[in-house]
Amino acid sequence: MKIKSVRARVYEWKGKTVPPQGNFCSNAMDLVYSKTETMSTFRFHSWTVVEIETDDGIVGLGNVALAPKIAKAIIDEYLAPLVIGQDPWDYEYLWQRMYRSTHAWGRKGVTMAAISAVDLAIWDILGKSVNKPVFKLLGGRTKEKIPCYYSKLYRTDIQEMQDEAQKFLDQGFTMFKSRFGYGPAHGTQGVKENLKAVEALREVIGYDNDLMLECYMGWNLEYAKRMLPKLEKFQPRWVEEPVIADDIDGYAELNQLTSIPISGGEHEFSLYGFKQLLERKAVSVVQYDTNRVGGITAAHKINALCESYSVPVVPHAGQMHNYHLTMSSMASPMSEYFPMFDVEVGNELFYYIFDGEPVAENGFLQLDDNTPGLGLTLKTEFLDQFNIIE
Ligand SMILES: O=C(O)C(=O)C[C@@H](O)CO
Ligand SMILES: [Mg+2]
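Residues numbered from 1 in each chain as written. Chains lettered and ligands numbered in written order. Predicted model: local features only at pLDDT ≥ 70, side-chain atom pairs only at ≥ 80, totals over all residues. Heavy atoms only, no water.

Q: It is not clear to me how the packing of helix H6 (residues 187–205) against helix H7 (residues 221–231) should be interpreted in this structure. Could you clarify?
A: The description of two packed helices rests on the angle between their axes and on the distance between the axes. At their nearest, the axes of H6 and H7 sit 11 Å apart, and the two run at 35° to each other. Of the two elements, H6 crosses H7, and the hand of that crossing is right-handed. Counting all contacts with H6, which are made through Gly190, Val191, Asn194, Leu195 and Val198, the residues of H7 involved are Tyr223, Arg226, Met227, Lys230 and Leu231. Of the residues belonging to the contact of H6 with H7, the class tally is 6 nonpolar, 2 polar and 2 charged. (Axes fitted to C-alpha atoms, helices over the stretch in contact; angles between N-to-C directions. Helix = DSSP H or I, 4+ residues; strand = E, 2+ residues; numbered from the N terminus. Left-handed = near helix turned anticlockwise from the far one by under 90°. Contact = heavy atoms within 4.5 Å. Nonpolar A, V, L, I, M, F, W, Y, C, P; charged D, E, K, R; others polar.)

Q: Sorry if this is basic, but what is going on with the environment of proline 261 here?
A: Structurally, proline 261 is set in the loop between helix H8 (248–257) and strand S8 (262–264). A sequence separation of 33 residues divides proline 261 from glycine 294, and the C-alpha atoms of the two residues are 25 Å apart. Excluding residues that lie within four positions of it along the chain, proline 261 makes contacts with Pro236, Arg237, Trp238, Val239, Asn255 and Ser284.

Q: I would appreciate a short explanation of the side chain of histidine 324 in the present structure.
A: Inspection of the secondary structure assignment puts histidine 324 in helix H11 (residues 320–327). If sequence neighbours within four positions are ignored, histidine 324 has contacts with Pro133, Val134, Phe135, Leu138, Leu367, Gly373 and Leu374.

Q: Just to check I follow, could you spell out the packing of helix H5 (residues 158–169) against H6 for this structure?
A: Where H5 contacts H6, the axes come no closer than 9 Å and their chain directions differ by 30°. Our pair here, H5 against H6, has a crossing hand that is right-handed. For the pair H5 and H6, the contacting residues are Ile158, Met161, Gln162, Ala165, Gln166 and Leu169 in the first and Lys196, Ala197, Ala200, Leu201, Glu203, Val204 and Ile205 in the second. A breakdown of the residues in the contact of H5 with H6 according to their chemical character gives 9 nonpolar, 2 polar and 2 charged.

Q: Honestly, the environment of methionine 340 in this entry has me stumped. Any pointers?
A: Following the sequence through the fold, methionine 340 ends up in the loop between strand S10 (335–337) and helix H12 (350–353). Relative accessible area serves as the criterion here: at 39%, methionine 340 is assigned to the partly exposed category. Spatially, the C-alpha atoms of methionine 340 and lysine 167 are 14 Å apart, while their sequence positions differ by 173 residues. (Buried < 20%, exposed > 50% of the residue type's maximum accessible area, 1.4 Å probe, protein only.)

Q: Whenever I open this one, the coordination of the magnesium ion (ligand 2) confuses me. Can you help?
A: Angles at a metal have ideal values that depend on geometry: 109.5 degrees with four tetrahedral donors, 90 or 180 degrees with six octahedral donors. Coordination of the magnesium ion (ligand 2) by the protein is provided by Glu214 (OE), Glu240 (OE) and Glu266 (OE), with metal-donor distances spanning 2.0 Å. Between consecutive donor residues of the magnesium ion (ligand 2), the sequence gaps follow E-x25-E-x25-E. Taken as a pair, glutamate 214 in strand S6 (residues 210–214) and glutamate 240 in strand S7 (residues 238–240) lie far apart in primary sequence, 26 residues in all. Take glutamate 214 and glutamate 240: they sit in the same class, and that class is buried. (Donors = N, O, S within 2.8 Å, 3.2 Å for Na, K, Ca; no water.)

Q: Would you take a moment to explain the confidence of the model for the chain for this structure?
A: Interpretation of this model should avoid reading the predicted coordinates in detail wherever pLDDT is low. Within the chain, residue pLDDT values average 97, and 100% of them lie at 70 or more. With a pTM of 0.97, the predicted complex shows an ipTM of 0.98. (pLDDT = per-residue confidence, 0-100.)

Q: What should I look at first to understand H5 in this one?
A: Helical periodicity: at 3.6 residues per turn, an α-helix aligns residues three or four positions apart in one direction. Over its 12 residues, H5 extends 16 Å from the first C-alpha to the last, a length consistent with the 16 Å expected when each residue adds 1.5 Å. All buried positions along H5 are accounted for by Met161, Gln162, Glu164, Ala165 and Phe168. Buried residues of H5, seen end-on, are gathered within an arc of 160° and therefore sit on one face of the element. Of the surrounding secondary structure, the elements contacted by the buried residues of H5 are strand S4 (146–151), strand S5 (175–179) and H6. Between a side-chain oxygen at the N-terminus of H5 and the backbone nitrogen of glutamine 159 the separation is 3.0 Å; the capping residue is aspartate 157. (Expected span 1.5 Å × (residues − 1). Arc of directions from axis to C-beta. Polar contact = N/O pair within 3.5 Å; in protein donor to acceptor, adjacent residues only side chain to side chain.)

Structure (structure tokens):
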């Protein structure tokens with residue numbers, strides 16, 4: 001079997017989006033003076049879809065959401081020529097060709113995300129060619145079904161957040177992730193607002209259910225050192241991305257500071273990036289995203305590395321490419337789960353492009369032993385709400 005063609009198309013959402021609100025989600029731009037709403041650079045309203053076809057007609061689907069137009073250019077210009085004419089079963093060789101040939105300017109960020117998209121499509125082909133789901137090629141079924149946590153609860157009105165938490169508690173979720181709205185730029189009032197929201201959510205879900213707290217790189221070390229001791233009484237399962245991804249020493253200091261586990265990784269790349277995080281005890285929970293980190297080829301290696309450190313892997317975002325890594329590894333106890341909503345930050349856009357995503361039932365996800373490959377097809381229902389760039 002040989003790769004015959006690589007097609008990368010950008011799906012630009014033209015449909016309605018939930019308008020941004022202030023203090024919706026603390027984020028890395030909060031620390032930079034700006035007159036615009038800071039979360040705007042972290043909206044994912046475009047997505048690049050990669051279709052790789054083999055000489056016997058199998059089509060593999062990959063995807064990338066980081067800088068999708070740039071990712072498409074990297075795929076078209078640099079990565080496609082490296083894989084066309086090659087055997088997809090030589091996936092390690094192909095991964096190394098892509099990684100090493102772009103090493104001078106790649107390694108992390110959008111290049112590794114583009115490599116991830118090609119690698120996902122290759123693994124989709126592998127599964128389809130032997131009529132097996134990808135997780136069966138990685139280690140098989142390690143769970144009867146996948147526990148998942150409800151992920152949203154962005155910082156809105158306190159009552160709205162409590163109503164949202166109650167709604168999904170009633171649907172059987174036992175784990176919830178919420179977003180802080182405030183950070184160093186918002187002073188002591190912001191600290192009070194952050195604590196008020198956590199307390200309000202605990203009032204709804206109690207202490208028999210897990211609560212994870214997301215900073216999305218919106219704090220700094222000094223502020224996090226003030227906040228974590230105040231948060232301990234609320235017993236969060238983890239506090240996520242308190243500082244920017246490059247501040248690994250900051251992560252390591254915070255991870256030892258209190259009883260609260262620090263999580264991160266969705267903005268880290270490749271096996272080597274996670275080797276650093278683990279060696280320096282920077283995180284207690286690893287959260288790579290398989291469509292960023294280097295695809296399934298890289299994520300599978302990182303799962304093994306994390307297993308050797310007894311550090312759990314909870315991939316960032318839901319989405320099928322992550323579910324296969326969780327199903328096939330004892331290192332990964334659960335998945336993140338965004339239900340389908342109106343398009344807001346963009347984590348929801350996946351549902352408007354692909355069919356095949358499992359719907360959570362009572363806080364669990366299921367993958368089918370008999371659905372080959374990643375289990376995704378391209379959705380046609382919302383095509384009229386996308387501008388597609390060939
Ligand atoms: O789901 C996460 O962990 C994210 O970082 C998503 C992003 O939109 C901020 O919440
Ligand atoms: Mg996150």
